[in-house]
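Notes for the structure review
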Amino acid sequence: MNLIKKNITKVKQSATLVINEKSKQLIADGKKVYSFGFGQSPFPVPEKIVSVLKDNAHKKEYLPMQGLEELREAVSKYLFSQTGVNYSKENILITPGSKEAMLLMHVAFNGDILLPTSSWVSYEPQANIAKNKTHWIKTKRENNWFPTADELEKKIKMKIKNKNIILILNSPNNPSGSVCKNLKQLAKIAKKNKILVLSDEIYTDLTFNGSYDSISKYYPEGTLISGGLSKWCGAGGWRLGFIAVPDKLKKFLKSLKTLASESYSTVNTPLQYAAVEAYSGDYENYKNKTRKILEGVGNYAYNNLKSNKILLTPPEGAFYLMPEFLGTKFKNSNHLCEKILEDTGVALLPGSDFGFEPKKMIARLSYTDFDGENFLNSLEDNGNLTDGMVEKFAPNVVEGIKKLSNWAKKI
Ligand code: PMP
Ligand code: GLU
């Protein structure tokens, strides 16, 4: 008898983590690599938050399985300040990264999952692990890679038999770097059809125009929010996330809490104290500056890549671009990325990992291959960011973009 369950044998290791390790190995082997594959904040965690972590390092007792009350309170207040929606501390679960929160959500959920193309690499595999069926909604570049209300409704009506549905929305989006402009209309359709929405807000603080738009504003009773410290706070490796659920899903949250208690028990104690500081302290200046840098680097990459060979949508948030290569003849986007890595040293992830059909010559580019600490320290409060600064502080991005642009001209 097979030792491994069939649905598990079909799941591959996450493409993001694999490209991170592959890029590091190539660098260790002495190769020049432009690490545009993995998506990780280049900035340091703010000093004050690090010092709170240190101050609490001696705390060794288990915290409540739902998470430290003070932290849930801080997250609740934070979400209220950003969205105007009240997710009470009783309705929040603290998790080791929001990825774990999503996995628990899939494990508990009895229904189907709706994913817009493009969507983050882990949503579909997580649904597969939990044996939830997924349905992709095709989107268009002219709609910023998000579904229109009509497209969403058609998908719900035509394709899905299951009554329980969760739509996963992520804005700003990984991989497209775009912001969803029609949340209100999508909320209307979700409400009308009684489907739930998981709003993955891991990048929402990294919206370049500084706004925090959440579908929960328009559909509070049906929206779950996930988020955490990984992106806006530069703390990906710390592994702290949360999921907040609306009142009517209290029973669902109870199941998530049970699953948490039977798997990771509770998130590590010192980190939860540090996270209280992250969510209750004033980090607006840090956020403004990191957003400004990411926007500057993103625009530099965008301006120097777009051509009659590379189609691109302008960056609006997070730290990704999604170049589409025109006139290429590769079998699929995986081969395209392998060839680019071989020819130029630029590591990208294929669009097929994000829900695009494999033949579409599209890839994800993460423009975070620079020393964020150095860049951040060199930017004055309210200072302007110039291309010259990008050239000085993000040389690997500049060089890699040039290589990629030249490569595309020759194909
Ligand atoms: N959602 C998206 C879109 C992501 O890119 C990531 C990557 N880290 C996550 C969720 C998970 O983040 P974490 O588990 O670090 O909170
Ligand atoms: N979110 C990051 C990415 O998309 C990596 C972290 C992860 O996949 O867990 O590259």
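Provided above is the structure to which this section pertains.
Structure report, in brief.

Rules behind the numbers
- Residues numbered from 1 in each chain as written.
- Chains lettered and ligands numbered in written order.
- Predicted model: local features only at pLDDT ≥ 70, side-chain atom pairs only at ≥ 80, totals over all residues.
- Heavy atoms only, no water.
- Pairing = 2+ DSSP bridges.
- Helix = DSSP H or I, 4+ residues; strand = E, 2+ residues; numbered from the N terminus.
- Near = heavy atom within 4 Å.
- Polar contact = N/O pair within 3.5 Å; in protein donor to acceptor, adjacent residues only side chain to side chain.
- Areas by Shrake-Rupley, 256 points an atom, 1.4 Å probe, with all protein chains shown as cover.
- Buried < 20%, exposed > 50% of the residue type's maximum accessible area, 1.4 Å probe, protein only.
- Right-handed = clockwise from strand over helix to strand, strands pointing away.
- Patch = residues over 30% accessible without salt bridge, like charges linked within 9 Å, V, L, I, M, F, W, Y side chains within 5 Å.
- Salt bridge = Lys/Arg side-chain N within 4 Å of Asp/Glu carboxyl O.

Glancing now at the sheet that holds strand E13 (residues 349-350). Across the sheet, which stays open at both edges, the three strands sit in the order E10-E14-E13 with antiparallel pairing between neighbours. One side of each edge strand has no neighbouring strand; the edge strands of this open sheet are strand E10 (320-321) and E13. The sheet contact formed by E10 and strand E14 (residues 363-366) spans two bridges and is antiparallel. Residue pairing for E14: Tyr320 is matched across the bridge by Ser366.

With that out of the way, let us pick up the site of ligand 1. Taken together, 14 residues lie near ligand 1, and Asn174, Asp200, Tyr203, Ser230 and Arg239 sit nearest. Here an oxygen atom of ligand 1 and a backbone polar atom of Ser98 are 2.7 Å apart. Starting from 390 Å² of accessible surface for ligand 1 in isolation, the protein chains cover 94%. Sort the elements by how many residues they give to the shell around ligand 1 and helix H5 (residues 98-108) lands first, with three residues.

This part is about the pairing of strand E6 (residues 196-200). Of all five residues in E6, five are buried, a share of seventy percent or more. Residue alternation in E6 divides its side chains into two sets, Leu196, Leu198 and Asp200 and Val197 and Ser199, and both sets are buried. Inspection of the sheet shows strand E5 (residues 165-170) paired to E6 by five bridges, in the parallel sense. The residue bridging Ile168 from the neighbouring strand is Leu198, located in E6. As for the winding sense of the linkage, the β-α-β connection from E5 through helix H8 (residues 183-192) to E6 is right-handed. Looking at chain direction, E6 and strand E7 (residues 223-228) are connected through four bridges and run parallel. Bridge pairing in E7 links Asp200 to Ser226.

Here we come to a nonpolar patch on the surface. On the surface, a cluster of nonpolar side chains totalling about 390 Å² of accessible area is made up of Leu3, Ile4, Ile8 and Ile129. One can find Ile8 in helix H1 (residues 6-9).

Quick look at the site of ligand 2 now. The immediate surroundings of ligand 2 are formed by Thr16, Phe38, Gly39, Lys99, Trp120, Asn174, Tyr203, Lys231, Tyr320 and Arg364. Contacts to ligand 2 include Thr16, whose side-chain N or O atom sits 2.6 Å from an oxygen atom. Gly39 has a polar backbone atom sitting 2.8 Å from an oxygen atom of ligand 2. Here ligand 2 has 290 Å² of accessible area as a free molecule, and 89% of this is covered by the chains.

Right, let's get into unusual backbone geometry. Omega for the peptide link from Ser171 to Pro172 comes to -5 degrees, which places this bond in the cis form. Within the secondary structure, Pro172 sits in the loop between E5 and H8. Cis peptide bonds are those with omega within 30 degrees of zero, and the linkage from Asn174 to Pro175 qualifies with 25 degrees. Summarising the element assignment, Pro175 is placed in the loop between E5 and H8. Phi is positive for Lys194, close to 55 degrees, though the residue is something other than glycine. Positionally, Lys194 belongs in the loop between H8 and E6. Judged by relative accessible area, which is 69%, Lys194 ranks as exposed. Of note, the phi angle at Arg239 is positive, near 65 degrees, even though the residue is not glycine. With respect to the helices and strands, the residue Arg239 is situated in the loop between E7 and strand E8 (241-244).

Let us look at the pattern of salt bridges. Side chains that carry opposite charge are capable of pairing whenever their charged atoms lie near each other. Taken as a whole and judged by the stated rule, the model has 18 salt bridges. The residue Glu69 makes a salt bridge to Lys89 at a minimum N-O spacing of 3.1 Å. Residue Glu69 is located in helix H4 (residues 69-83), and its partner Lys89 is located in the loop between H4 and strand E2 (92-95); the two are separated by 20 residues in the primary sequence. The partner of Lys140 in a salt bridge is Glu151, with the nearest N and O atoms 2.9 Å apart. With Lys140 in the loop between strand E4 (134-137) and helix H7 (149-159) and Glu151 in helix H7, this residue pair connects regions lying 11 residues apart in the sequence. We classify Glu151 as buried; its relative accessible area is 17%. Each of Glu69, Glu73 and Lys89 takes part in salt bridges that share partners, so that together they form one network.

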